[in-house]
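Structural overview for review
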Amino acid sequence: MKLEKIVFEAEDGTKLELYVEEETRIGGVSYLLVTDSDSDEANAYILKDLSVDGDLMGNYVMVEDDVEFDAVSRVFEQMLEDTDLLTE
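So, here is what we can say about the structure in this document. No experiment lies behind these values; they were computed from the predicted model shown.

On the surface, Glu9, Glu11, Asp12 and Glu64 cluster together into a negatively charged patch. Following the sequence through the fold, Asp12 ends up in the loop between strand 1 (4–9) and strand 2 (15–26). For Asp12, a relative accessible area of 62% corresponds to the exposed category.

Okay, the nonpolar core next. The biggest cluster of nonpolar side chains holds 7 residues, and these are Tyr31, Leu33, Ile46, Val63, Phe69, Val72 and Phe76. Counting residues per element, the ones that place at least two in this core are strand 3 (29–35) and helix 1 (66–80). If sequence neighbours within four positions are ignored, Ile46 has contacts with Tyr31, Leu32, Leu33, Val61, Met62, Val63, Phe69, Val72, Ser73 and Phe76. Counting 6 residues, the second largest nonpolar core, distinct from the first, contains Leu18, Val20, Leu32 and Val34.

The next subject is the pairing of strand 4 (residues 44–49). Two strands pair when backbone bridges link them, and strand 3 and strand 4 are joined in this way by 5 bridges, in the antiparallel orientation. Note that in strand 4 the partner of Thr35 across the bridge is Ala44. In the sheet, strand 4 pairs with strand 5 (residues 60–62) via 3 bridges, with the strands oriented antiparallel. Pairing of Lys48 across the sheet is with Val61, part of strand 5.

Note on placement: Ile46 falls in strand 4. Given the relative accessible area of 3%, Ile46 is considered buried.

The next thing to look at is helix 1. In this model, helix 1 (15 residues) spans 21 Å end to end at C-alpha, consistent with the 21 Å of a helix rising 1.5 Å per residue. Taken as a whole, helix 1 has its buried residues at Phe69, Val72, Ser73 and Phe76. The arc that holds every buried residue of helix 1, seen down its axis, measures 105°, which confines them to one face. Among the exposed residues of helix 1, those pointing more than 90 degrees away from its buried face are Val67 and Gln78. Among the structural elements, strand 2, strand 3 and strand 4 are those in contact with the buried residues of helix 1. If you check the start of helix 1, you find a side-chain oxygen 3.3 Å away from the backbone N of Val67, and it comes from Asp65.

Calculation notes
- Residues numbered from 1 in each chain as written.
- Predicted model: local features only at pLDDT ≥ 70, side-chain atom pairs only at ≥ 80, totals over all residues.
- Heavy atoms only, no water.
- Patch = residues over 30% accessible without salt bridge, like charges linked within 9 Å, V, L, I, M, F, W, Y side chains within 5 Å.
- Areas by Shrake-Rupley, 256 points an atom, 1.4 Å probe, with all protein chains shown as cover.
- Salt bridge = Lys/Arg side-chain N within 4 Å of Asp/Glu carboxyl O.
- Lys, Arg positive; Asp, Glu negative; His and termini not counted.
- Charge placed at Lys NZ, Arg CZ, Asp CG, Glu CD.
- Helix = DSSP H or I, 4+ residues; strand = E, 2+ residues; numbered from the N terminus.
- Buried < 20%, exposed > 50% of the residue type's maximum accessible area, 1.4 Å probe, protein only.
- Core = buried A, V, L, I, M, F, W, Y, C linked by side-chain atoms within 4.5 Å.
- Contact = heavy atoms within 4.5 Å.
- Pairing = 2+ DSSP bridges.
- Expected span 1.5 Å × (residues − 1).
- Arc of directions from axis to C-beta.
- Polar contact = N/O pair within 3.5 Å; in protein donor to acceptor, adjacent residues only side chain to side chain.

Written out as structure tokens, the structure reads:
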């Protein structure tokens with residue numbers, strides 16, 4: 001299966017190519033589950049969309065709040081059923 005690839009620009013200007021594994025909407029907020037590789041040994045991240053209606057491009061930030069990360073990762077785990085998401 002070919003995954004959609006996006007370019008994420010960090011606050012320091014670093015650009016990362018990420019693969020979109022899954023997306024969901026919780027409480028009116030969109031989240032993406034992304035990986036830094038399409039291999040089995042990829043690092044996973046959760047991005048939160050902060051864009052507002054009318055924005056032409058998404059405004060995503062990495063979820064860093066532990067409570068929010070744990071809650072959203074559980075949703076993604078249920079969606080992907082046979083995939084374990086390891087959290088740091």
